[in-house]
Amino acid sequence: MQSSPRHQYQFDTNQFPFWLYRLSDKEYSQLRDHSFPIQIEVLFLLKLALTRSNSLEELTLPKVLVILEHEFGASSIQLDQWKQTFSFPLLLSIEKPNGLFYYLLRITDYRGGIEFDLFRIIDDIKYIDKDLNFNSQPIADEFSQVEIESVICYLWGFLQGFARHLDRWIEIKPFFRHVDSNHIIYGYWDGKFVEEQIDDQDEYDGIVQELETRYGEPKISEPEKVANIQELIQSISQGVRHNSESAQPDGRIGSALSLTSK
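What you are looking at is a predicted structure, and each value in this text was computed from that prediction instead of being measured.

*Asks:* What am I meant to see in helix 3 (residues 61–72) here?
*Replies:* Since one α-helical turn is 3.6 residues long, residues separated by three or four positions face the same way. For helix 3, spanning 12 residues, the distance from its first C-alpha to its last is 16 Å, which sits close to the expected 16 Å at 1.5 Å a residue. Of all 12 residues that make up helix 3, 10 are buried, and the element is covered over most of its length. Of the residues flanking the end of helix 3, it is Gly73, one or two places downstream, whose phi is positive at about 90°.

Pasting the structure below:
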């Protein structure tokens, strides 16, 4: 396991540009401690879920996971293993005429659906008394509900476009994941993407056991686990020092990431 350059991308919605930067688990946790959740319109999220269910062949869970790992590196290990199988914590930087604004955006699966969690980072004294656990309405003069939906739809379209030609652009190795809360199995094996929901508990358990044996992540010994943890700690600490000392593009994320070194 080695530290790698930070994955970062610039997008343009034709209204304003925005940047996405992959965060480590440590960076995300520390920034989450300095941020408050933004409520996204429920009806919009339901429409998004319906869009996926109507085009399931196009945007399946295994395709989403492969695309996100290709673009942003391996999934975070900080997730609810009963209800989730992947999580990608990102720093979202938005450039508007009235300033630069910093948010946390986490793309994750939850009970078989794809979710976008949004948090406003507290880098301004006016937000210092915000409840970090209470959903706040979008801040109209910096990132309105309409603009939030625009960014999420943009990313959704990016995933859809990539998914249509995924096997042409990426060499895909067999893998398997399962969502225990909803009896969902998915992955890539026998040369195809698979996503299924199994109603019967015994049947589900049997399939999971078989697929884990064939395509699941290999079991490692306790000494290997300790060695991996030591290597992870070293990688994170080196990454934090590197990120705090290096100049970011146009200085756009320096102030937000500086919180992670405190």
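The discussion continues.
*Asks:* Just checking my understanding: could you explain the packing of aromatic side chains for this structure?
*Replies:* With the rule as written, the count across this model stands at 16 aromatic pairs. Look at Tyr103 and Phe143: their rings are 5.1 Å apart centre to centre, the planes differ by 65°, and that puts the pair in the edge-to-face class. Of this pair, Tyr103 sits in strand 5 (residues 99–110) while Phe143 is found in the loop between strand 6 (113–121) and helix 4 (145–164), placing the two residues 40 residues apart along the sequence. Of the two residues, Tyr103 and Phe143, both sit in the buried class. An aromatic cluster is present here, built from Tyr9, Phe11, Phe18, Phe72, Tyr154, Phe158, Phe162 and Trp169 joined pairwise through their rings. The cationic tip of Arg120 hangs over the ring face of Tyr103; the distance from NZ or CZ to the ring centre is 5.4 Å. Positioned above the aromatic ring of Phe36, the side-chain terminus of Lys130 is 5.3 Å from the ring centre.

*Asks:* Any chance you could explain the environment of Ile184 here in plain terms?
*Replies:* Turning to its location among the elements, Ile184 is positioned in strand 8 (residues 184–189). Setting aside residues no more than four positions away along its own chain, Ile184 makes contact with Leu61, Arg111, Gly112, Arg177, His178, Val179, Glu195, Glu196, Gln197 and Tyr204.

*Asks:* It is not clear to me how the environment of Tyr103 should be interpreted in this structure. Could you clarify?
*Replies:* Look at Tyr103 and you get buried, because its relative accessible area is 1%. Taking C-alpha positions, Tyr103 is 9.5 Å from Pro37, a pair spaced 66 residues apart along the chain. In this structure the side chain of Tyr103 is engaged in a polar contact, spanning 2.6 Å, whose partner is the side chain of Glu142.

*Asks:* Any chance you could explain unusual backbone geometry here in plain terms?
*Replies:* Outside of glycine, negative phi angles account for most residues, and trans bonds account for most peptide bonds. Positive phi is not limited to glycine here, since Arg111 has a value of about 55°. One can find Arg111 in the loop between strand 5 and strand 6. Of note in the backbone geometry, Asp190 takes a positive phi value of approximately 55° without being a glycine. With respect to the helices and strands, the residue Asp190 is situated in the loop between strand 8 and strand 9 (192–197).

*Asks:* Explanation requested: the packing of helix 3 against helix 4 in the structure shown.
*Replies:* Relative to each other, helix 3 and helix 4 sit at 100°, their axes nearing to 10 Å. If you check the angle between helix 3 and helix 4, you find them roughly perpendicular. Of the residues in helix 4, those touching helix 3 at Lys63, Ile67, Leu68, His70 and Glu71 are Phe158, Leu159, Phe162 and Ala163. Taken together, the residues that form the contact of helix 3 with helix 4 break down as six nonpolar, one polar and two charged.

*Asks:* Help me understand a negative patch on the surface in this model?
*Replies:* A contiguous patch of negative charge on the surface is contributed by Glu196, Asp199, Asp200, Asp202, Glu203 and Asp205. In terms of residue count, helix 6 (residues 201–215) provides more of the negative patch than any other element does, three residues in total. By relative accessible area, Glu203 is classed as partly exposed at 44%.

*Asks:* Looking at this model, I keep getting lost on the nonpolar core. Mind explaining?
*Replies:* A general tendency of soluble globular proteins is for nonpolar side chains to be buried together. Ranked by internal contacts, the top residues of the largest apolar core, which has 49 residues, are Phe18, Leu20, Leu92, Tyr103, Phe116, Leu118 and Phe143. Sequence-distant contacts of Tyr103, defined by excluding residues within four places in its chain, comprise Ile38, Leu90, Leu91, Leu92, Ile94, Leu118, Phe119, Arg120, Ile121, Ile139, Glu142 and Phe143. Residues Trp19, Leu23, Tyr28 and Leu31 belong to the second largest nonpolar core, which totals 10 residues.

*Asks:* For this particular structure, what's the right way to read the side chain of Thr60?
*Replies:* Take Thr60: it is sitting in the loop between helix 2 (42–54) and helix 3. Those residues within four positions of Thr60 in sequence are excluded, and the remaining contacts are Arg52 and Glu195.

*Asks:* Would you mind going over the side chain of Glu147 with me for this structure?
*Replies:* With respect to the helices and strands, Glu147 occurs in helix 4. On the basis of relative accessibility, which here comes to 15%, the residue Glu147 falls in the buried class. Here the side chain of Glu147 touches Lys96 through a polar contact of 3.1 Å, side chain to side chain. Those residues within four positions of Glu147 in sequence are excluded, and the remaining contacts are Phe16, Lys96 and Glu142.

Quick notes on the rules
Residues numbered from 1 in each chain as written. Predicted model: local features only at pLDDT ≥ 70, side-chain atom pairs only at ≥ 80, totals over all residues. Heavy atoms only, no water. Helix = DSSP H or I, 4+ residues; strand = E, 2+ residues; numbered from the N terminus. Expected span 1.5 Å × (residues − 1). Buried < 20%, exposed > 50% of the residue type's maximum accessible area, 1.4 Å probe, protein only. Phe/Tyr/Trp six-rings, centres within 6.5 Å; stacked < 30°, edge-to-face > 60°. Lys NZ or Arg CZ within 6 Å of the ring centre and 35° of its normal. Contact = heavy atoms within 4.5 Å. Polar contact = N/O pair within 3.5 Å; in protein donor to acceptor, adjacent residues only side chain to side chain. Axes fitted to C-alpha atoms, helices over the stretch in contact; angles between N-to-C directions. Parallel < 35°, antiparallel > 145°, perpendicular 65-115°, else oblique. Nonpolar A, V, L, I, M, F, W, Y, C, P; charged D, E, K, R; others polar. Patch = residues over 30% accessible without salt bridge, like charges linked within 9 Å, V, L, I, M, F, W, Y side chains within 5 Å. Areas by Shrake-Rupley, 256 points an atom, 1.4 Å probe, with all protein chains shown as cover. Salt bridge = Lys/Arg side-chain N within 4 Å of Asp/Glu carboxyl O. Lys, Arg positive; Asp, Glu negative; His and termini not counted. Charge placed at Lys NZ, Arg CZ, Asp CG, Glu CD. Core = buried A, V, L, I, M, F, W, Y, C linked by side-chain atoms within 4.5 Å.

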